[in-house]
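# Residue-level structure breakdown
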Amino acid sequence: MFRLSGEAGAEVRALAARINARVVRDGVSLDRALAESPPPAQRDSGLLRSLSFGVLRWHHRVQWQAAQLLSRPLAPRDAELAALLRLGLFQLQWLRVPDHAAVSATVAAASMVGAGRARGLINAVLRRFLRERNEIDERMAAVPGARYSHPEWMLERLRVEWPDDWQAIVDASNALPTMWLRVNARKGSRAEYLAMLEAGDIEARAAGEDSAIELAEPRPAASLPGFEEGLVAVQDGAAQLAASYLDLRSGQRVLDACAAPGGKSAHIVESCPDIEALTVLDRDAGRLATLETALERLGHDAVVTVGDAGEPATWWDGRPYDRILLDAPCSALGVIRRHPDIKVLRRPEDIAASVVSQRRLLRSLWPLLAPGGRLLYAVCTLTAAETAAQVADFLGNTPDAGLTGPVAGRARQILPGEANRDGFYYACIDKKE
Ligand SMILES: C[S@@+](CC[C@H](N)C(=O)[O-])C[C@H]1O[C@@H](n2cnc3c(N)ncnc32)[C@H](O)[C@@H]1O
């Protein structure tokens, strides 16, 4: 159970409220808001993450509950106060904290975010919730956005596109994600690393691909045995399928076109150490810096280039690639469980924009592929427009492209939560000889 009351309990809630307001009011990603926030006291870092992720995971529900409990809506300038109310409601339902402690620490946080005058309001709203919770829950059953804690437009899209699966998708997206590891095959085997985990009393099991391990409980990466020495990396089980779908062989030239932060680039080198060369490209220099640190930790070499994959003339040396991985920018609806801010930040029109960008990247990269080569198209989402329809459109307009595939000649959609993995889509597009 987290330590709760007093100044420190209020401080971490005030930090969480500011972070939440940055996401909800300013449209900043949660990763960025957390990185830009002053750090909490060491002992509160776990609690800050639980509050920051949890309140966004349940945003649409607690926002609706707050609206039921307020006599009139808060003004836009009260973003931190609104965030504190959502945090209070989140704690009362999902955090293992005694109700009175959660209420008093949240009330005490009000003056720290410039909402001291609303202490009475926060106290009254949270206490009323505790009294009327059953009736509020009953009313919520008729409000899908609150009940499933997703924006209505997203629910509607999922219902239309996945009529048999949408509820399982939504439940998986609201669940806490499993922590997966990828063992660095250049430094040791999965069996050896499982033995190290066992020796450290860390419960885990072999799962999925040759190098994949699923932990029973998430933990900080730095606390894993051999992490600093590069024995292991954190990577979801669905993302670990890319290397095998690429079907890598020695002597091949490989392009990872949208590479940062580099999980799949590292896996490519680990899976087939004797490829001729790996070109790692991304247009975001900051994300590429993270990638370089990760490759260094794992002990891998690659040619790292900042550039727009849609404009090869600015970075390509003219020698065709045997394999291209296009892990394209997308709506990311398959990874909501890891990035719950997506539910707050994503807009319906973003999907159409992703489709345009993916089409441009597919068309620009295709001429760089050698005859007989393979382009692996990957997106961490599940909308038809970005997956099957995107690939069908490309095949229809590209006479020398054919779809072979990971699963008996087809592309593969993994739904969120399937075998505890993130949602992902893969299509192996081969160039005719
Ligand atoms: C889904 S992430 C890639 C994740 C990465 N493959 C991994 O496994 O760690 C998409 C990446 O595409 C990059 N990106 C988006 N548009 C791009 C473009 N036109 N050219 C190059 N990179 C691009 C983004 O900066 C982002 O890093």
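Within each chain, residues carry numbers counting from 1 in the order of the written sequence. The predicted nature of this model means local features are confined to residues of pLDDT at least 70 and side-chain atom pairs, given and counted, to a pLDDT of 80 or more, with totals for whole chains, interfaces and linings taken over all residues. In computing side-chain values, all of the structure's heavy atoms are included and hydrogens and water are not.

### With respect to the environment of Leu34
In plain terms, the rule: Going along the chain from the N terminus, every DSSP run of H or I of four or more residues is numbered as a helix, and every run of E of two or more is numbered as a strand. Contacts were defined at the residue level, with two residues in contact if any of their heavy atoms lie within 4.5 Å.
Its place among the elements puts Leu34 in helix H2 (residues 30-36). Separated by 70 residues in the primary sequence, Leu34 and Ser104 have C-alpha atoms spaced 24 Å apart. Discounting chain neighbours no more than four positions away, the residues touching Leu34 are Ile19, Leu48, Arg49, Ser52 and Phe53.

### What about the packing of aromatic side chains?
To be explicit about the condition: Between 30 and 60 degrees the pair is tilted, below 30 it is stacked and above 60 it is edge-to-face, where a pair is any two Phe, Tyr or Trp rings, Trp via its six-membered ring, whose centres lie within 6.5 Å. Working definition: with a 1.4 Å probe on protein chains only, accessible area under 20% of the residue-type maximum means buried, over 50% means exposed, and in between means partly exposed.
Under the counting rule described, the total for this entry stands at seven aromatic pairs. Ring geometry for Tyr148 and Trp166: centres 5.1 Å apart, planes at 80°, overall edge-to-face. With a gap of 18 residues between them, Tyr148 in the loop between helix H8 (144-147) and helix H9 (152-161) and Trp166 in helix H10 (residues 166-174) connect regions that are remote in the sequence. The pair Tyr148 / Trp166 is uniform in exposure class, with both members buried. Seen in terms of ring centroids, Trp366 and Phe394 are 5.3 Å apart; in terms of plane orientation they differ by 75°. Their pairing is edge-to-face. Residue Trp366 is found in the loop between helix H16 (348-365) and strand S9 (369-379), and its partner Phe394 is found in helix H17 (residues 388-397); the two are separated by 28 residues along the sequence. Taking relative accessible area as the criterion, Trp366 reaches 5% and is therefore assigned buried. Taking the relative accessible area as the measure of exposure, Phe394 reaches 3% and is therefore buried. Within the aromatic cluster, the residues linked to one another by ring pairs are Trp58, Phe90 and Trp94.

### Some words on the site of the ligand
Here is the rule: Being near a molecule or strand, for a residue, means having at least one of its heavy atoms within 4 Å of it. As used in this structure description, the phrase polar contact means that two N or O atoms lie within 3.5 Å; if the pair is within protein, one of them must be able to donate a hydrogen and the other to accept it, and residues adjacent in sequence are counted only when both atoms belong to side chains. All accessible-area figures derive from a Shrake-Rupley calculation using a 1.4 Å probe, and residue coverage is judged against the displayed protein chains alone. Note that Gly is not counted as nonpolar here; it falls among the polar residues with everything else outside the nonpolar set of Ala, Val, Leu, Ile, Met, Phe, Trp, Tyr, Cys and Pro and the charged set of Asp, Glu, Lys and Arg.
Taken together, the neighbourhood of the ligand is formed by 19 residues, with Asp282, Arg287, Asp308, Ala309 and Asp327 sitting nearest. Between the ligand and Arg283 there is a distance of 3.2 Å, counted from a nitrogen atom to a backbone nitrogen or oxygen. Side-chain polar atom of Asp327 to a nitrogen atom of the ligand: 2.7 Å apart, as the coordinates give it. Alone, the ligand offers 600 Å² of accessible surface; in the complex the protein occludes 87% of this. Those elements giving two or more residues to the shell around the ligand turn out to be helix H13 (263-271) and H16. In terms of residue class, the shell around the ligand is made up of eight nonpolar, three polar and eight charged.

### Some details on the sheet that holds strand S3 (residues 212-215)
Counted only if it meets this: DSSP-based pairing: two strands are paired if at least 2 bridges between them are found. Each axis is a line fitted through C-alpha atoms, and for a helix only the stretch in contact is used; angles between axes span 0 to 180 degrees, taken between their N-to-C directions.
The sheet built from four strands is open, its strands ordered S2-S3-S1-S4 with antiparallel pairing. The open sheet is flanked by strand S2 (204-206) and strand S4 (232-234), the only strands paired with a single partner. Each adjacent strand pair in this sheet contributes to an overall mean axis angle of 30°, direction not counted. Relative to S3, S2 runs antiparallel, the two sharing three bridges. Among the inter-strand pairings, Arg205 is bridged to a residue of S3, identified as Glu214. Strand contacts of helix H11 (residues 190-199): strand S1 (180-183), S2, S3 and S4, with the helix running at about 20° to S3, the strand carrying the most contacts.

### Structural notes on the layout of surface pockets
The cut-off we apply is this: Both site types are read off a 1 Å grid over the protein atoms alone. A 1.4 Å probe that fits but cannot get out defines a cavity, while an open set with protein on both sides within 12 Å along at least five of seven lines defines a pocket; lining residues have an atom within 4 Å of a point. Grid points are joined across faces, edges and corners, and a volume is the space filled by probe spheres set on the points.
Of the volumes computed, that of the second largest pocket is approximately 300 Å³. Around the second largest pocket, the lining is made up of 17 residues, and of these Gln63, Leu70, Leu74, Ala82 and Arg86 lie nearest the centre. Partitioning the lining of the second largest pocket into residue classes produces 12 nonpolar, one polar and four charged.

### Quick look at the confidence of the model for the chain
For clarity, the cut-off: pLDDT is defined as a per-residue confidence score from the predictor, taking values between 0 and 100.
Averaged over all residues, the pLDDT of the chain is 95; the fraction at 70 or higher stands at 97%. Note that pLDDT drops below 50 for residues 1-5; the model gives that stretch 18 contacts with residues more than four away or on any other chain.

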